[in-house]
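# Reading the structure
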Amino acid sequence: MKIGLEIHFQLKGNKLFCSCSTEGTESGSSFRRKLTPVMGEMGKVDNAVEYENIRNREFLYHVSTNSCLVEKDEEPPHPVNIEALNTAIAISEALNCKILDYASFMRKIVIDGSNTSGFQRTGIIGMDGYIETSKGPVRISTITLEEDACRKISEKHGRAEYSLDRLGIPLIEISTEPDIADPDHALETAKAIGHFVMSMNNFRREVDSIRQDVNFSMGFGRVEIKGVSKLSFIKDTLDYEIKRQKALNEISGKFSGRSPELGKFIDISDIFTNTGSSMIKKAIASGKSVMCARLPGCNHLMKYGNYRLGRELADVAKNIGIGGLMHSDEFPAYGLMDDELNKIYQSAGKMDNDAVIVVIADKPSFQILRPLLIERMDKIMKLDLAETRAATPSGETRYLRPLAGKERMYPETDIPLIQITEDHIENIKDMVPKSIDEIKSELVEKYKLSYVEAESLINTNMLSTFLSIVKDFNYPSTVSRILLQIIPEFEKKRDKKLTPDEKADILGVALSQGNSYSRNDTVISILGIAKRKHWDRSTLEMAISLYMLDNIPLSELETRQELIPLTEEEIRKVITELVSSADISEKNIIVLFRKKTVRAFDPKVVIKIFRELKPSN
Amino acid sequence: MLIGQKVDFSYKGTEYTGTFISSSGETITVKLGSGYNITLNSDSFKVLREYDDGNIEDNQRTATASECGNNGTCILTTGGTIGSSVDYKTGAVKPVKDISYLYNFVNNISQFKLYHENIENMLSENVDSGKWVTFARKARDAMKKGNSVIIFHGTDTMQYSASALSFMFEEQTKPIIFTGSQRSSDRPSSDAFLNIEGSIHFASMEMGEVGISMHTDTADDSVSLYRGTRARKMHTSSRNAFISIGEHAMARYSNGTISEETYMKKPSENIVLKDKLDDSVGLIYFYPGMKEEDFYNLAYNKKAVIIMGTGLGHVSSGVLNIIKKLEKETSFFMTSQCIYGNVNMNVYSTGRDLLQAGVIPLDNMLAETALVKAMYILGNYPDSLDKLMRANLRGEIEDILK
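Residues numbered from 1 in each chain as written. Chains lettered and ligands numbered in written order. Predicted model: local features only at pLDDT ≥ 70, side-chain atom pairs only at ≥ 80, totals over all residues.

### Quick notes on the overall build of chain A
Looking only at helices and strands, chain A features 20 helices and 21 strands. For a compact globule of 617 residues, the expected C-alpha radius of gyration is about 25 Å, and chain A comes in at 32 Å, more than 25% above that figure. C-alpha extents for chain A along the principal axes are approximately 110 × 65 × 50 Å. Counting over 617 residues, chain A shows a buried share of 41%. In chain A, the proportion of contacts linking residues at least 24 apart, taken out of those at least 6 apart, comes to 71%. (Helix = DSSP H or I, 4+ residues; strand = E, 2+ residues; numbered from the N terminus. Rg over C-alpha atoms; globule rule 2.2 N^0.38 Å. Buried ≥ 20, exposed ≤ 12 C-beta atoms within 10 Å, placed from the backbone. Contact = placed C-beta atoms within 7 Å.)

In structure tokens form, the structure reads like this:
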């Protein structure tokens, strides 16, 4: 088994080839475009490109507030975003890559409409690195800097709609060699790479900011699985794909690799003149035809046990806009009656051992569909499973397109070569993310945290929050305690997680999506008040308790009695009263003192005064 | 190493295999198996092995030396972005010799009889009056065989070439359509394909004028046909860079059908080509503080000078004095740098002084059109320069046609 990963992560700030922001919303206008497959560098049309052409779709682009003529493909790219380039260099350094002498960008032809230009601009920054894992080093083949594609809004009736908001966002792609041993190892490797990604200051941190592609092979050709959205899905997706390929291997074995001959498509629309199936009724009313075809020897292979041949065929149909491919393993279903099924089987000439597929589509579509289905069956029987697949949100995979070849790359001539000198690399050394071990020892040495605390901050993804608060607020141990103990404890008590607004009320307003916190002396937050009022730890914790557990609004906290610490004078007065009563010692003074007042106080001061005032025996 | 040759090489201690693409002395570019080109310093690059497998791919497409046949549409290619692709030696965009591969990618044109003749291979900034004569003669030859004419041309100076042919053809039997593209045809998003589709349809109209056929909009929805003498490139890079100044497009093409939008001259029975151009004409853009000697140097020894004046058609009093000095040898014509609107030299005293000095106002004629028109008149009717410059010969003055 061979597994490789491609991890993509977005950077925030400006886009890669223009100064538009990475953040934006819809502007209301849109425009329609088509894409034409053109020659690759060596004069051949790429396989994947040709396939898209079959689909012959048109594209509607929704203009966003963060787009300009570059995203509309109405202007050549501007010079590369230098911060993004530096980030790519830094991450290449962290992953032990060789940095290329020049950044040179290529046009990677992509004509599914996700790029207005019809290509994605991409360039290699680093090559040949490695990352350490428990099962040995996993080699990094390349680190590329590229522009993200449009965000897909919808796809129907041969028209895909995209938003320009995501187009051009800087994207760093980290590709590993197929050194990964199994699905668990894949997850570990992805996490290890993810650590470096997430420690970059300008990592975008949105829902879809990290995307993983998984390259997988178990001897039947390389499958590239696109868009595994969550780390935890890597394992599920791989497990699914292993199961799928095993099942196809068995099916192929049954036919000794020889493809069963797909029967002719026979128009059976007439059967359904009085059908009770509303789906078929609607389709026929809209001018579509219902046709069926026999698949010899495929009974109980379409959808039975682990076999899913029906889905393999339906994926192909779906890609050319045919949503309705049904098959005999599913029947009875879709409101079809027994006599209708009999007529279908009769028309197709079904024998016991055969399967029948039923397709609802426009008449001309059948001519496009048929060769694709035959090709698909042939591929499966020959166990040539190499292709590009998409990861589904449910942890499965589905057919997307043939693998793209090198023919789809040619030079982006609108962007001059950018030299990356040794000096340049030296100058951005501070940006290079540290390994987990380095960070841990830094937290222990510089901030005097315990190893356990350091580890927890890293594992709970709160490291950057911690660092940015400490930078402003100081008191690392207090901050660590609030993040790791106080807040989780109160969340548990009230049985509700902090909302982003509440988080901002306590820690300071997040400048941009949870990454860095604005200065606490200018923005109202509990930490901000604590800093201004020089609260001690217990006052601060009491404030958080009032806010989280007693629903006292932030605006009232500052004037709250409990949070106005007792002055030394007032403490002295309380202790004076206390010492006159019996059984008082250093052991119980704090507990007794707390009973006497609702207000905050500094326990150290209480002890100090108690020592002064305690009976001298 | 030869382009396309497979090589093993080492870089910073690691060995790779790739395909040699180019070297510039200081740098070497190779294509990796993944399709990526990487560019390295020559001194960090060591060739370990050059493969001699005789399998070097020939990416030189052979040019088809065809000539136009009869009664179809003749596409004359002159270069420009529409006929450009990437030169892998230098990485620059360069004209290609053969555009026949475009035909596979253009929709709705199967019913047309298309011919292709390559007449030039140049970037449009290098076009001059001599080239206009060549283009015109080629167009005449094609029309003589009963063909409509489409000229693929760089967009930068397309309006000049279209104007030149508009004037040189006093009568024409078929449409002459210029077309080009703002995105080169090596890109999937190129506007070339739709522009060509539109121009082929426009070329089939019953029409006897010269037009420019380019995207109406940023979308791939329609193509507009602009009168050669009124068209202007108004954007450096966008698809809809061309518009007709002060009038509607002549026609619009969308989804296989043409809608005619404004007056177009019917085709003539005969072809009358006046293929003499006298390029002793200057075009001077006046600006505040323009030095008198600079104006003098630009205007000196010209038979005609087109001035792009400010606002309604003004220049400084200093420049006016130079005009007065040169006025005996040189005819001066006034257009406006406002692009839109008429010049009117009766409103302010400067204008009246210019009129008195013999400067001739050209109403709303575009300066670039006026430049080419003066060349045509000087070449063919030198004695009637002042009179003909004011006349509306090919729709270059917008109002009579409405």
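### What to know about the environment of Ala90(A)
Residue and element names in this part refer to chain A. Residue position: Ala 90 is located in helix H2 (residues 82-94). Along the backbone, Ala 90 and Val 432 are 342 residues apart, and their C-alpha atoms lie at a distance of 4.4 Å. Those residues within four positions of Ala 90 in sequence are excluded, and the remaining contacts are Ile 428, Met 431, Val 432 and Pro 433.

### Comments concerning the sheet that holds strand S9 (residues 151-156) of chain A
Pairing between sheet strands relies on hydrogen bonds along the backbone, with the strands arranged either parallel or antiparallel. Residues and elements named next belong to chain A. Read from one edge to the other, the open sheet built from four strands follows the order S2-S3-S10-S9, with strand pairing classed as mixed. For this open sheet the edge positions go to strand S2 (26-33) and S9, each flanked by a neighbour on one side alone. This sheet shows a mean twist of 20 degrees between the axes of neighbouring strands, independent of strand direction. Sheet analysis places S9 next to strand S10 (residues 159-163), joined by five bridges and oriented antiparallel. Paired with Lys 156 across the strands is Arg 159, a residue of S10. (Pairing = 2+ DSSP bridges. Axes fitted to C-alpha atoms, helices over the stretch in contact; angles between N-to-C directions.)

### Things to note about the sheet that holds strand S12 (residues 176-179) of chain B
Residues and elements named next belong to chain B. Strand order in this open sheet of eight strands is S9-S6-S10-S12-S13-S14-S17-S18, and the pairing throughout is mixed. At either margin of the open sheet sits one strand with a lone partner, and together these are strand S9 (114-122) and strand S18 (257-260). Adjacent strand axes in the sheet meet at a mean angle of 25 degrees, parallel and antiparallel pairs treated alike. When strand S10 (residues 148-152) meets S12, the two strands line up parallel, connected through four bridges. Of the residues in S12, the one forming a bridge with Val 149 is Ile 176. Sheet contacts for helix H1 (residues 129-144): strand S6 (73-79), S9, S10 and S12; angle to S6, the most-contacted strand, approximately 165 degrees. Against the sheet, helix H2 (residues 158-168) touches S12 and strand S13 (210-215), its axis set at about 155 degrees to S13.

### Remarks on the domain arrangement of chain A
Partitioning chain A into domains gives domain 1 (2-233 + 404-411), domain 2 (266-381), domain 3 (434-560) and domain 4 (568-613). Distance between the C-alpha centres of domain 3 of chain A and domain 4 of chain A: 29 Å. (Domains from an automatic or database assignment.)

### With respect to the packing of helix H13 (residues 476-494) of chain A against helix H16 (residues 537-549) of chain A
All names here are of chain A. Where H13 contacts H16, the axes come no closer than 11 Å and their chain directions differ by 30 degrees. If you check the angle between H13 and H16, you find them roughly parallel. In this structure, the crossing between H13 and H16 has a hand that is right-handed. Seen from H13, the contacting residues are Thr 478, Ile 482, Ile 486, Phe 490, Lys 493 and Arg 494; seen from H16, they are Arg 537, Leu 540, Glu 541, Ile 544, Ser 545, Met 548 and Leu 549. Taken together, the residues of the contact of H13 with H16 sort by class into seven nonpolar, two polar and four charged. (Parallel < 35°, antiparallel > 145°, perpendicular 65-115°, else oblique. Left-handed = near helix turned anticlockwise from the far one by under 90°. Nonpolar A, V, L, I, M, F, W, Y, C, P; charged D, E, K, R; others polar.)

### Considerations on the domain arrangement of chain B
All names here are of chain B. Segmenting chain B into domains produces domain 1 (6-50), domain 2 (73-273) and domain 3 (281-390). Computed from C-alpha atoms alone, the centre-to-centre distance between domain 2 and domain 3 is 30 Å. The interface of domain 2 with domain 3 comprises 12 residues on the first partner and 10 residues on the second. Residue contributions to the side of domain 2 that touches domain 3 peak at six residues, all from H2. Looking at the side of domain 2 that touches domain 3 residue by residue, the classes come out as five nonpolar, five polar and two charged.

### Remarks on the nonpolar core
The nonpolar side chains of soluble globular proteins are, as a tendency, buried together. Core analysis: the biggest nonpolar cluster contains 103 residues, and Ile357(A) and Val359(A) have the highest contact counts within it. For Val359(A), the residues in contact, after removing those within four places along its chain, are Met291(A), Ala317(A), Ile322(A), Gly324(A), Leu325(A) and Leu369(A). Ile150(B), Ile200(B), Phe295(B) and Leu378(B) belong to the second-largest nonpolar core, a separate cluster that totals 89 residues. (Core = buried A, V, L, I, M, F, W, Y, C linked by C-beta atoms within 7 Å.)

### Observations regarding unusual backbone geometry
Most peptide bonds adopt trans geometry, and most residues besides glycine take a negative phi value. With an omega of 0 degrees, the peptide bond running from Phe331(A) to Pro332(A) counts as cis. The topology assignment puts Pro332(A) in the loop between strand S16 (324-327) and helix H7 (338-348). A positive phi angle, near 55 degrees, is found at His534(A), a position not held by glycine. With respect to the helices and strands, His534(A) occurs in the loop between helix H15 (526-533) and H16. We note that Asp363(B) has phi near 55 degrees; this positive angle belongs to a residue other than glycine. Considering the arrangement of structural elements, one finds Asp363(B) in the loop between strand S23 (360-361) and helix H7 (367-380).

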